[in-house]
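Residue-level structure breakdown
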Amino acid sequence: VLLATGVESNKEGSIKASEVVELDITNFDAEFARSKLPFFVDFYSPKCTHCVRLAPTWEKLANDLKGKVTVAKIDASKERVLARRFQIRGYPTLVFITRDMQARQYEASRSLADLIYATEQQCSGCIPFPSNPMSLRWRLWGRLLGA
C-alpha cells in the first residue's frame, strides 16, 4: 500500500488524494522495502520556483505510472540526510532508484512525455510499457494538447 499524501483538484473542482508518495528519513527505508517497484524520486525544495512548476507534471506522472513505478518526492531542504545519501546538489533533482538501490539522476527534459519515456528506458525489463515508445510519446502529446 502506498502512502497517498497531499491533495489535487481536478477540472470539476473536486479534491482527490495524490498518488505521489511523500518520503522522509522516517519512512524511506520502510517504503522502499515494502514496494516491489522501482522509485522515481523528486528531490525538491518548496521555495524553488522550478520545483513548484514541476509539481503538476509530477502528479500526472504518478497517475500515469501507478502500479509500474513508485513516483515519490522528498523535501530535500528538510531531509538533508537523504539528500546527502543521494548526492543532491540542487533542486529539483530527479533520481531513479532501482530495486537493488542503484540511483541514477535524470537530467533531461521534464515534460510528461519525456519523463514517461525516460522511465521506460531506465527501468527496461522491470515494468511493462508499450513496445513502441514513439507511439506512447505521440499519444501523450495528443492528450496534453487536448486532441
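Structure first, text after, so check above.
The notes below deal with the structure included here. (Residues numbered from 1 in each chain as written. Predicted model: local features only at pLDDT ≥ 70, side-chain atom pairs only at ≥ 80, totals over all residues. Heavy atoms only, no water.)

Considering the overall build of the protein
Across its full length, the protein holds five helices and seven strands. The buried share of the protein, taken over its 147 residues, is 42%. In the structure as shown, the protein presents an accessible area of about 8,500 Å², 53% of it carried by carbon and sulfur atoms. (Helix = DSSP H or I, 4+ residues; strand = E, 2+ residues; numbered from the N terminus. Buried < 20%, exposed > 50% of the residue type's maximum accessible area, 1.4 Å probe, protein only. Areas by Shrake-Rupley, 256 points an atom, 1.4 Å probe, with all protein chains shown as cover.)

A look at the pairing of strand β5 (residues 70-75)
A regular strand places its side chains so that they alternate between the two faces of the sheet. Among the six residues of β5, five are classified as buried, and the element is accordingly described as predominantly covered. In the sheet, strand β3 (residues 21-23) pairs with β5 via three bridges, with the strands oriented parallel. What sits directly across from Glu22, in β5, is Lys73. Bridge analysis of strand β4 (residues 39-44) against β5 gives six bridges, and the strand direction is parallel. Counterpart to Asp42 in the pairing with β5 is Lys73. Regarding topology, helix α2 (residues 49-64) serves as the crossover connection from β4 to the parallel β5, and that connection is right-handed. (Pairing = 2+ DSSP bridges. Right-handed = clockwise from strand over helix to strand, strands pointing away.)

Considering the pattern of salt bridges
Counted under the stated rule, the structure contains three salt bridges. Taking the shortest distance from any N to any O, the salt bridge between Arg34 and Glu31 comes out at 2.9 Å. Of this pair, Arg34 and Glu31 both sit in helix α1 (residues 28-34), three residues apart, roughly one helical turn. Among the residues examined, Arg34 registers a relative accessible area of 49% and is labelled partly exposed. Accessibility expressed as a relative area gives 3% for Glu31, which makes it buried. (Salt bridge = Lys/Arg side-chain N within 4 Å of Asp/Glu carboxyl O.)

With respect to the packing of α2 against helix α4 (residues 112-122)
The N-to-C vectors of α2 and α4 enclose an angle of 45°; their axes lie 10 Å apart at closest approach. Classed by the angle they form, the pair α2 and α4 counts as oblique. You can see that α2 and α4 cross each other, and the crossing is right-handed. Counted together, Thr57, Trp58, Lys60, Leu61 and Asp64 of α2 and Leu112, Leu115 and Ile116 of α4 form the full contact between these two elements. Across the contact of α2 with α4, the residue classes tally to five nonpolar, one polar and two charged. (Axes fitted to C-alpha atoms, helices over the stretch in contact; angles between N-to-C directions. Parallel < 35°, antiparallel > 145°, perpendicular 65-115°, else oblique. Left-handed = near helix turned anticlockwise from the far one by under 90°. Contact = heavy atoms within 4.5 Å. Nonpolar A, V, L, I, M, F, W, Y, C, P; charged D, E, K, R; others polar.)

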